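As a plain string of letters, each chain reads:
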Amino acid sequence: MTVETKVWGDGYIQVKIPLPFSLKWVNSYLIPEEGGGYTLIDPGLHTDEALQSWDEAFLNHGITIEQIKRIIVTHQHPDHYGLAGHFQDRTGAPVYISERSHGYTRRLWGESSTYSEELRAHFAIHGMPDELTLAIKNNLDGFVRQVSPQPDVTYLNPGDTIRLGGYEWQMIDAPGHAFGQLCFYEPSLEYMICGDQVLPHITPNIAFNPGEEEDPLGCFLGSLDELYAYKVKLAFPGHREPFDDFAGRIVEIKQHHERRLQKMWEMLREPSSAFELCEHLFGGHLRTNPHNLRFAMSETVAHLHYLEKRGKVIRTGTADTVMFRTVE
Ligand SMILES: [Zn+2]
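Conventions and cut-offs
Throughout, a residue's number is its position along its own chain's written sequence, starting from 1. Owing to the predicted nature of the model, reporting of local features is limited to residues with pLDDT of at least 70; listing and counting of side-chain atom pairs is limited to 80 or more, with chain, interface and lining totals taken over all residues. Working from all heavy atoms in the structure, the side-chain values ignore hydrogens and water. UniProt positions are given in the numbering used here, feature names are shortened, and annotations may be inferred rather than shown by experiment. Relative accessibility thresholds used throughout: buried, under 20% of the residue-type maximum; exposed, over 50%; partly exposed, between the two (1.4 Å probe, protein chains only). Under the scheme used here, helices are H or I runs from DSSP no shorter than 4 residues and strands are E runs no shorter than 2 residues, and both carry numbers assigned from the N terminus. The arc under discussion is defined with respect to the helix axis, by the directions toward the C-beta atoms. Contacts: residue pairs with any heavy atoms within 4.5 Å of one another. Definition of nonpolar core: a set of buried residues of the types Ala, Val, Leu, Ile, Met, Phe, Trp, Tyr and Cys, connected through side-chain atoms within 4.5 Å. Strands pair, by our definition, only if DSSP identifies at least two bridges between them. Note on method: axes are straight lines fitted to C-alpha atoms, helices fitted across the in-contact stretch only, with angles between N-to-C directions ranging 0 to 180 degrees. Throughout, right-handed denotes a crossover for which the path from the first strand over the helix to the second runs clockwise when the strands point away from the viewer. For Na, K and Ca the donor cut-off is 3.2 Å, and for all other metals it is 2.8 Å, counting N, O and S atoms only; because water is absent from this set, sites may look incomplete. The pocket and cavity definitions rest on a 1 Å grid over protein atoms only: a 1.4 Å probe that fits but cannot leave marks a cavity, an open set with protein on both sides within 12 Å along at least five of seven lines marks a pocket, and residues lining either have an atom within 4 Å of a point. Grid points are joined across faces, edges and corners, and a volume is the space filled by probe spheres set on the points. When residues are sorted by character, Ala, Val, Leu, Ile, Met, Phe, Trp, Tyr, Cys and Pro go into the nonpolar class, Asp, Glu, Lys and Arg into the charged class, and all the rest, Gly among them, into the polar class. A side-chain nitrogen of Lys or Arg and a carboxyl oxygen of Asp or Glu constitute a salt bridge if their distance falls within 4 Å.

- As recorded in an unreviewed UniProt entry, the protein goes by the name MBL fold hydrolase, listed as coming from Paenibacillus glycanilyticus.
- Under the UniProt heading Function (unreviewed entry), the note attached to the protein is "Counteracts the endogenous Pycsar antiviral defense system. Phosphodiesterase that enables metal-dependent hydrolysis of host cyclic nucleotide Pycsar defense signals such as cCMP and cUMP."

Shown next as structure tokens:
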């Protein structure tokens, strides 16, 4: 195995840390600091393969682990946050994350977490068969070891600035994909570190999760409108490659959701559960891939909530078996 790295302007090192699912890798970034050493952004999921990749990346770039002075996590998803505690244990470096993101790490992976059971019940009332809700619960429970040990954290506040690589970066609240996610913008370089909020080639997953914000897609589209106003020369995303047409990509992602919403509205002339709709949209083959099925189902429900809140669809059926249909 050979880890792929690339050096960008100002010596920023992109490290592609492998992931055991279809996304293939998460981008970690090493930002050289004024006083020596590096800030590490989004260290990746805690797997043996990821650790081997880090060893190799450090070796290739002549970096020692002691040079990691600080760790920043853009958002709470395990593929970004998972290794933060491990690196903190090895380096003593502080780990920075927003308070809201940190709250979700405790809700998902805290000792008394009931989240995977809550998600299972939620998918069941939306029509998903038991064997699939169980497969999803087991898959989700498997992430606990991939985010352990969990770090002690210091909070970052959206609206504040943070000094990074010798520049002052604005921290922007970027909800919808992950509530609490921060984007980092530097106006003289026109660089945007955008986490998973704007990704090239793939659309960020927008999930409704039980007990969270009711309209994640509405929040996400609002955030995209806000981000559109920033002048960006180079965007550093959490997946795929850094890219230059930030505004153009925002327009494409918005169009994708508009098309998806229109299609669902048309499909729901025939009343349907979220699960039936999910299978029509994403395909029955996801039954064998609980990880991707969870993303697809949560995304379907997020779109249904969006349509429901705007009076485009209504719920029918019962509280135990929710169905939706179009309002003409
Ligand atoms: Zn994410």
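**A look at helix 4 (residues 99–109)**
Here's step 1: When we look at burial in helix 4, the residues that qualify are S101, H102, Y104, T105 and W109. In a view along the axis of helix 4, the buried residues occupy a sector of 155°, so they form one face of it.
Here's step 2: Buried residues in helix 4 make contact with helix 2 (78–81), strand 6 (95–98) and strand 7 (153–156).

**Some details on the nonpolar core**
Buried together is how nonpolar side chains tend to be arranged in soluble globular proteins.
Here's step 1: Counting 79 residues, the largest nonpolar core has L30, W54, I71, M192 and F246 as its most contacted members.
Here's step 2: In terms of nonpolar packing, the next biggest core, distinct from the first, is built from 18 residues, W8, Y12, I162 and L234 among them.

**A look at the sheet that holds strand 9 (residues 167–173)**
Here's step 1: The strand order 8-9-10-11-12 describes an open sheet built from five strands, whose pairing is mixed. For this open sheet the edge positions go to strand 8 (161–164) and strand 12 (234–237), each flanked by a neighbour on one side alone. The mean angle between the axes of side-by-side strands here comes to 25°, regardless of whether they run parallel or antiparallel.
Here's step 2: Note: strand 8 against strand 9, four bridges, orientation antiparallel. By the bridge assignment, I162 is partnered in strand 9 with W169.

**Considerations on the pairing of strand 12**
Here's step 1: Of the two faces of strand 12, the one carrying L234 and F236 and the one carrying A235 and P237 are both buried.
Here's step 2: Alignment of strand 11 (residues 191–195) against strand 12, held across four bridges, turns out to be parallel. In the strand pairing of strand 12, I193 is matched with F236.
Here's step 3: For the crossover from strand 11 across helix 7 (residues 216–228) to strand 12, the handedness is right-handed.

**Section: the coordination of the zinc ion**
Here's step 1: Distances from the zinc ion to its protein donors, namely H75 (NE2), H77 (ND1), H177 (NE2) and D196 (OD), fall within the range 2.1 to 2.3 Å.
Here's step 2: Positions of the donor residues of the zinc ion, expressed as sequence spacing, correspond to H-x1-H-x99-H-x18-D. Of this pair, H75 sits in the loop between strand 5 (68–72) and helix 2 while H177 is found in the loop between strand 9 and strand 10 (182–186), placing the two residues 102 residues apart along the sequence. Taken individually, H75 and H177 each receive the classification buried, so the pair is uniform in this respect.

**Considering empty space enclosed by the protein**
Here's step 1: What the rule picks out here adds up to one cavity of 30 Å³ or more.
Here's step 2: In this structure, the largest cavity is lined by N27, Y29, I41, D42, I193, G195, F236, P237 and G238.
Here's step 3: Counting residues per element, the ones that place at least two in the lining of the largest cavity are strand 3 (25–32), strand 11 and strand 12.
Here's step 4: Among the residues forming the lining of the largest cavity, the class breakdown is five nonpolar, three polar and one charged.

**Focus: the layout of surface pockets**
Here's step 1: Put simply, the largest pocket is a space of about 1,000 Å³.
Here's step 2: Lining the largest pocket are 42 residues, and of these L23, H177, N205, H291 and F295 lie nearest its centre.
Here's step 3: Counting residues per element, the ones that place at least two in the lining of the largest pocket are helix 2, helix 4, helix 5 (115–125), helix 8 (246–267) and helix 10 (290–309).
Here's step 4: Among the elements that take part in the lining of the largest pocket, helix 10 stands out by supplying seven residues, more than any other.
Here's step 5: A breakdown of the residues in the lining of the largest pocket according to their chemical character gives 21 nonpolar, 13 polar and eight charged.

**What about the pattern of salt bridges?**
Here's step 1: Under the criterion given, the structure shown has 16 salt bridges.
Here's step 2: Put simply, E34 and R163 hold a salt bridge, and the shortest N to O gap is 2.8 Å. With a gap of 129 residues between them, E34 in the loop between strand 3 and strand 4 (38–41) and R163 in strand 8 connect regions that are remote in the sequence.
Here's step 3: On the accessibility criterion, E34 (55% relative accessible area) is exposed.
Here's step 4: Of the charged contacts in the structure, one is a salt bridge between R107 and E118, with a shortest N-O distance of 2.6 Å.

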